[in-house]
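Summary of structural features
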Amino acid sequence: MNALEVRNLTKTYPDFTLDKVSFCVPRGHIVGLIGRNGAGKSTTIKGILRLITAEGTVSVFGKDISQDEMAVKQMIGYVGGGFRYYPMNTLITIRKAYAPFYPTWDQSKYEKFLAQFGLSEKKKVKELSEGMKVKFALALALSHGAKLLIMDEPTSGLDPLSREEFCDIILQLVREEGVSVLFSTHITSDLMRIADDIIYISQGSIHAACPLEELLGKYRLVHFPSLAEATAANAIGVKSVKDGYEGLLLCDMQNSGDTVITDATIDNIMVHLEKAAEEGRHV
Amino acid sequence: MFDLVKKELALCMHPTAFIFLSFAALVFVPYYPYEVIFFFSCLSVFFCCMMARENGDIAFSCTLPVKKEHIPLAKMLVVIGLQCAILLLVGAMGAIKGAVLPAERSVNQAGISANIVLVGNGAVLLGVFNLIFFPRYFKAPEKIGVPFVIGAVSVFLLIGIFIVLRQTTPLYSVVLNGLNSEYSAAKLAALTIGLVVYTGLSVISCNLSMKNFRKTDVYGV
């Protein structure tokens, strides 16, 4: 049974459509949701949490959220980009209002997280740094025994050390507690470290949903000395760089000439596939 | 639902929600349209909604394990509790005023006297405000101004109607005016009608708000 299954999630705005998005998060996996700004990552997450009215079905550990919203949300821990609520309230006030919603709330676990994260409950939310806000959101989400963590750009605004620490915490949770994670981010280096699978969303549609290794193994980044050579090689999403041109080649595509081939990162793949999509090329 | 109400009380109450309850004491001011006291109750709802918006309260609530439509219901239950408190306080203050002041000083020349009819009038005003404000607010919780202005204008129009009735009709200036001990049955009937109207309008408002909020897209998480 998958931790999360999303089927044909569709939301139509006047200028944007989330188009029949379907994917799953296998139990115990960290799944990265990537895509450029406005691609539909946050809309997908809002649709999953029923913050917006969207068509399609969402089930968590086999339970349909539209049938049993309260039970399903008990299993979910949501972490946005920091804790942006109630800036004038202290953490203890917020925790006291939050904890009673969860019969499985574990106060000792919460206190352990506070100690681990160096958080004081006497502080007001506005007194926390961005990193501390994310950690507080994480402490709340994890202390009620969430089996599925849904995180919407939680590492945005964090410095590299805090991001590293955050990724370590997520890895520890997955390894020790079997938590499953859906993690939307722009900072793909975080995903390179911790993700098992990648869902790549572009212009409201899923372009790729596969294991990270499979995605990385599918393309090579190729540096061409001239545009003519890039075009001749049928490279994907060719763009001008400092001393030549760069594009993606599928691993099984042949290339010749004076080219430099390197492994593609998630960023490389996103950049060139988006470029190809802009040019209307089917990849 | 109980937890949502507790969360509302802990995180979403603007101080004016409680401060304005003390405005029930305005019934001791001579020559004053006492129905205005109930407008302050409406104003405190506006401040609470503003505070909820600034705190991202609705988005936060939507991530909790609750049914989406229970969020407006909890907010409205808290407001109804506060409205019942102001109605009770105005009734109690009016009774105290009637008991401690000479009868001629209890009669209000600017509007209805501080008796149980005033409580009935207040109930109608609050019921109308609930019906106008909340269903609109829960359609787009980030836009509080327009629903409040429509609700406030309606409340003041009704206050104007009550004042005109007080000045022009014997029913309001004689039978329903003055101490509770005079024309008690008529005054009790006016109070009952007010409370029934309040209950009916508030129930309709709750249902419409829940229905509207189910379709509302919530942002800011």
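Residues numbered from 1 in each chain as written. Chains lettered and ligands numbered in written order. Predicted model: local features only at pLDDT ≥ 70, side-chain atom pairs only at ≥ 80, totals over all residues. Heavy atoms only, no water.

Moving on, we get to the overall build of chain B. On a plain count of helices and strands, chain B comes out with 10 helices and 0 strands. Reading the helices (α) and strands (β) of chain B from amino to carboxyl end gives α-α-α-α-α-α-α-α-α-α. For chain B, whose C-alpha radius of gyration is 18 Å, the value lies close to the compact-globule estimate of 17 Å for 221 residues. Summarising its shape, the C-alpha atoms of chain B cover approximately 60 × 25 × 25 Å along the three principal directions. (Helix = DSSP H or I, 4+ residues; strand = E, 2+ residues; numbered from the N terminus. Rg over C-alpha atoms; globule rule 2.2 N^0.38 Å.)

Right, let's talk about the sheet that holds strand E13 (residues 244-250) of chain A for a bit. All names here are of chain A. Across the sheet, which stays open at both edges, the 4 strands sit in the order E12-E13-E11-E14 with antiparallel pairing between neighbours. The open sheet has two free edges, formed respectively by strand E12 (236-241) and strand E14 (260-263), since each of these has just one partner strand. Put simply, the sheet's adjacent strands are angled 25 degrees from each other on average, direction ignored. Relative to E14, strand E11 (residues 219-224) runs antiparallel, the two being bridged by 4 bridges. (Pairing = 2+ DSSP bridges. Axes fitted to C-alpha atoms, helices over the stretch in contact; angles between N-to-C directions.)

In this complex, chain B contributes 26 residues to the contact, which on the side of chain A involves 26 residues. Here chain B and chain A share an interface that buries about 2,500 Å² over both sides, 65% of which is from carbon and sulfur atoms. If you look at where chain B meets chain A, you find 1 salt bridge. Of the charged contacts, one joins Lys 11 of chain A and Asp 217 of chain B as a salt bridge, the two residues approaching to 2.7 Å between their closest N and O atoms. Across the chain B-chain A interface, the total number found is 7 residue pairs in polar contact (both at pLDDT 80 or more). (Contact = heavy atoms within 4.5 Å. Buried area = accessible area lost by both parts, 1.4 Å probe. Salt bridge = Lys/Arg side-chain N within 4 Å of Asp/Glu carboxyl O. Polar contact = N/O pair within 3.5 Å; in protein donor to acceptor, adjacent residues only side chain to side chain.)

A few words on the domain arrangement of chain A. Residue and element names in this part refer to chain A. By domain assignment, chain A separates into domain 1 (4-203) and domain 2 (215-278). Each of domain 1 and domain 2 has a C-alpha centre, and the two are 34 Å apart. Counting residues at the interface gives 10 residues for domain 1 and 9 residues for domain 2. Together, the buried faces of domain 1 and domain 2 total about 920 Å²; carbon and sulfur atoms form 65% of this surface. (Domains from an automatic or database assignment.)

What follows is about a nonpolar patch on the surface. Residues and elements named next belong to chain B. A surface patch of nonpolar side chains, about 270 Å² in accessible area, is lined by Phe 28, Ile 96 and Val 100. Within the fold, Ile 96 resides in helix H5 (residues 70-100). For Ile 96, a relative accessible area of 44% gives the class partly exposed. (Patch = residues over 30% accessible without salt bridge, like charges linked within 9 Å, V, L, I, M, F, W, Y side chains within 5 Å. Areas by Shrake-Rupley, 256 points an atom, 1.4 Å probe, with all protein chains shown as cover. Buried < 20%, exposed > 50% of the residue type's maximum accessible area, 1.4 Å probe, protein only.)

As a rule of thumb, non-glycine residues mostly have phi less than zero, and peptide bonds are mostly trans rather than cis. One non-glycine residue with positive phi stands out, namely Phe 61 of chain A, at about 45 degrees. Relative to the assigned elements, Phe 61 of chain A resides in the loop between strand E4 (55-60) and strand E5 (63-64).

Of all hydrophobic cores here, the largest spans 167 residues; its most connected members are Leu 4, Phe 83, Leu 138, Leu 149 and Ile 170 of chain A. Looking at this core element by element, the count peaks at 14 residues for helix H7 (residues 116-137) of chain B. Lining this core are residues from two domains, each supplying at least three of them: domain 1 (4-203) and domain 2 (215-278) of chain A. Setting aside residues no more than four positions away along its own chain, Leu 4 of chain A makes contact with Phe 23, Cys 24, Val 25, Ile 48, Val 58, Ser 59, Val 60, Leu 148 and Leu 182 of chain A. Val 222, Phe 224, Ala 230 and Ala 233 of chain A belong to the second-largest nonpolar core, a separate cluster that totals 7 residues. (Core = buried A, V, L, I, M, F, W, Y, C linked by side-chain atoms within 4.5 Å.)

It is worth spelling out the packing of helix H5 (residues 130-142) of chain A against helix H6 (residues 160-177) of chain A at this point. Residue and element names in this part refer to chain A. Packing of H5 against H6 leaves a shortest axis separation of 12 Å and a crossing angle of 10 degrees. On the basis of their axis angle, the class for H5 and H6 is roughly parallel. Counted together, Val 134, Lys 135, Leu 138 and Leu 142 of H5 and Glu 165, Phe 166, Ile 169, Ile 170 and Leu 173 of H6 form the full contact between these two elements. (Parallel < 35°, antiparallel > 145°, perpendicular 65-115°, else oblique.)

Right, let's talk about the packing of aromatic side chains for a bit. In the structure shown here, the tally under the stated rule is 28 aromatic pairs over all chains. Taking the centre distance of 5.9 Å and the plane angle of 75 degrees together, the rings of Tyr 98 of chain A and Trp 105 of chain A count as edge-to-face. For the pair Tyr 98 of chain A and Trp 105 of chain A, one class covers both residues: buried. For the cation-ring pair, Lys 68 of chain B lies above Phe 213 of chain B, with the distance from its terminal atom to the ring centre recorded as 5.6 Å. (Phe/Tyr/Trp six-rings, centres within 6.5 Å; stacked < 30°, edge-to-face > 60°. Lys NZ or Arg CZ within 6 Å of the ring centre and 35° of its normal.)

This brings us to the environment of Lys 73 of chain A. Mapped onto the fold, Lys 73 of chain A is located in helix H2 (residues 69-75). Each C-alpha atom, one on Lys 73 of chain A and one on Thr 53 of chain A, is 16 Å from the other, the two residues being 20 residues apart in sequence. Not counting residues up to four positions away in its chain, the partners in contact with Lys 73 of chain A are Leu 49 and Tyr 102 of chain A together with Cys 62, Thr 63, Leu 64, Pro 65 and Val 66 of chain B. Separated by 3.4 Å, the side chain of Lys 73 of chain A and the backbone oxygen of Leu 49 of chain A make a polar contact.

This brings us to the state of the cysteines. Inspection of the entire model under this criterion finds 0 disulfides over all chains. Residue Cys 49 of chain B stays outside any disulfide, its sulfur separated by 6.9 Å from that of Cys 48 of chain B, the closest cysteine. (Disulfide = S-S within 2.5 Å.)

Counting all residues, the mean pLDDT for chain A is 86, and 97% of those residues have values of 70 or more. Per-element confidence in chain A ranges from a low mean pLDDT of 80 for helix H9 (residues 227-232) of chain A to a high of 94 for helix H3 (residues 91-98) of chain A. (pLDDT = per-residue confidence, 0-100.)

Using the criterion set out here, one finds 18 salt bridges over all chains in the structure. Shared partners join several salt bridges into a network, and the residues in it are Lys 7, Glu 8, Asp 57 and Lys 75 of chain B.

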